[in-house]
Amino acid sequence: MTGDIRETKECQLKDPMDLFHSGQVVKICAPMVRYSKLAFRTLVRKYSCDLCYTPMIVAADFVRSAKARDSEFTTNKVGDHPLIVQFAAKEAQVLCDAARIVSPFADGIDLNCGCPQRWAISEGYGACLINKPELVKDMVRHVRSQIDNPKFSVSIKIRIHEDLKRTVDLCQKAEAAGVSWITVHGRSIEERHQPVHYDAIKIIKQSMSIPIVANGDIKTLKDAENVHHLTEADGIMVARGLLANPAMFAGYEETPFQCIQDWVDIALEHGTPFTCFHHHLMYMLERITSKQEKKVFNVLSSTSAVLDYLNDHYGV
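Residues numbered from 1 in each chain as written. Predicted model: local features only at pLDDT ≥ 70, side-chain atom pairs only at ≥ 80, totals over all residues. Heavy atoms only, no water.

- Looking at an unreviewed UniProt entry, the chain carries the name tRNA-dihydrouridine(20a/20b) synthase [NAD(P)+]-like, with the source organism given as Mystacornis crossleyi.
- The Cofactor (unreviewed entry) field of the UniProt record for the chain holds the comment "FMN".
- According to the UniProt record, the Function (unreviewed entry) comment for the chain is "Catalyzes the synthesis of dihydrouridine, a modified base found in the D-loop of most tRNAs." (UniProt positions renumbered as here; feature names shortened; annotations may be inferred.)

Written out as structure tokens, the structure is:
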């Protein structure tokens, strides 16, 4: 956690549920490993993103190690809200302890029940939790009972089962335990690039009385509107679409140069490590540069080289 955080608890916390009660579709930046850090969240918030998640953090490491806390979680007092911290966890008390640590600085936590990566599943994290509804229910209930702030949200992000009845059962159990909302990535654990089952998200939405967020293959604002129409979801969560175009939610078809300029300013101000700074720009320039330009840009190896390139080619 950054230094300015520890000195004060006067973060301007917000109630994420206010967004879901606004009558508008909630526009959400997904938890992305390495990418959804403070600097990038600051950028997408400038372009109509309503709610941001941190990258997934392993709760046990976070609770055990001050070093993990300092490297994994940074925020600031004013602009970075509402903010959801996503945890990978498999024990209720560990999740509670992690939630307690972040609760003065964030507006809610999310339990990752969707990560399909082998390492996560072999450790008992991520998508394997969709097969343990009682454990998920227990974890949600524990956090609910141990965090005093009633506005602190507890959400889960899931994948779907081949047999959708099992997914609806999981969601209903989580709802009974007090979950605030559920994000549904409309693919099973085995599915990677297959089409997203938006019809399944709609069935889940119709079976629940809490907000449901749709996730999967949303690349443009038009896609977001279509998915909202298909699923009736209360929110739309986007990952890669926002990496390619952080101004997507503000209605831009491709990354505007002003957004690239904003990223440079924010990243430099935050002291973003070069690799992260450069990778974000590679994503943002993907659709607006030629193959030849990509070849040159993608091998640049210092901040000054990148700044010179942007200045020479785009006047940024």
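Past the structure itself, the notes keep going.
**Observations concerning the pattern of salt bridges**
Thinking step 1. The final tally for this structure, using the stated rule, is 11 salt bridges.
Thinking step 2. Note that Arg64 is salt-bridged to Asp61, the shortest N-O span being 2.7 Å. Residue Arg64 and its partner Asp61 are located together in helix H4 (residues 59-64), separated by 3 residues, close to a single helical turn.
Thinking step 3. With its nearest N and O atoms 3.5 Å apart, the salt bridge here joins Glu232 to Lys202. (Salt bridge = Lys/Arg side-chain N within 4 Å of Asp/Glu carboxyl O. Helix = DSSP H or I, 4+ residues; strand = E, 2+ residues; numbered from the N terminus.)

**A short note on helix H10 (residues 198-206)**
Thinking step 1. Within H10 the residues assigned to the buried category are Tyr198, Ala200, Ile201, Ile204 and Lys205. Along the axis of H10, the buried positions cluster into a sector of 155°, meaning they face one direction only. Facing away from the buried surface of H10 by more than 90 degrees, the exposed residues are Asp199 and Gln206.
Thinking step 2. Buried-residue contacts for H10 involve helix H9 (164-177), strand S7 (182-185), strand S8 (212-215) and helix H11 (221-231). (Buried < 20%, exposed > 50% of the residue type's maximum accessible area, 1.4 Å probe, protein only. Arc of directions from axis to C-beta. Contact = heavy atoms within 4.5 Å.)

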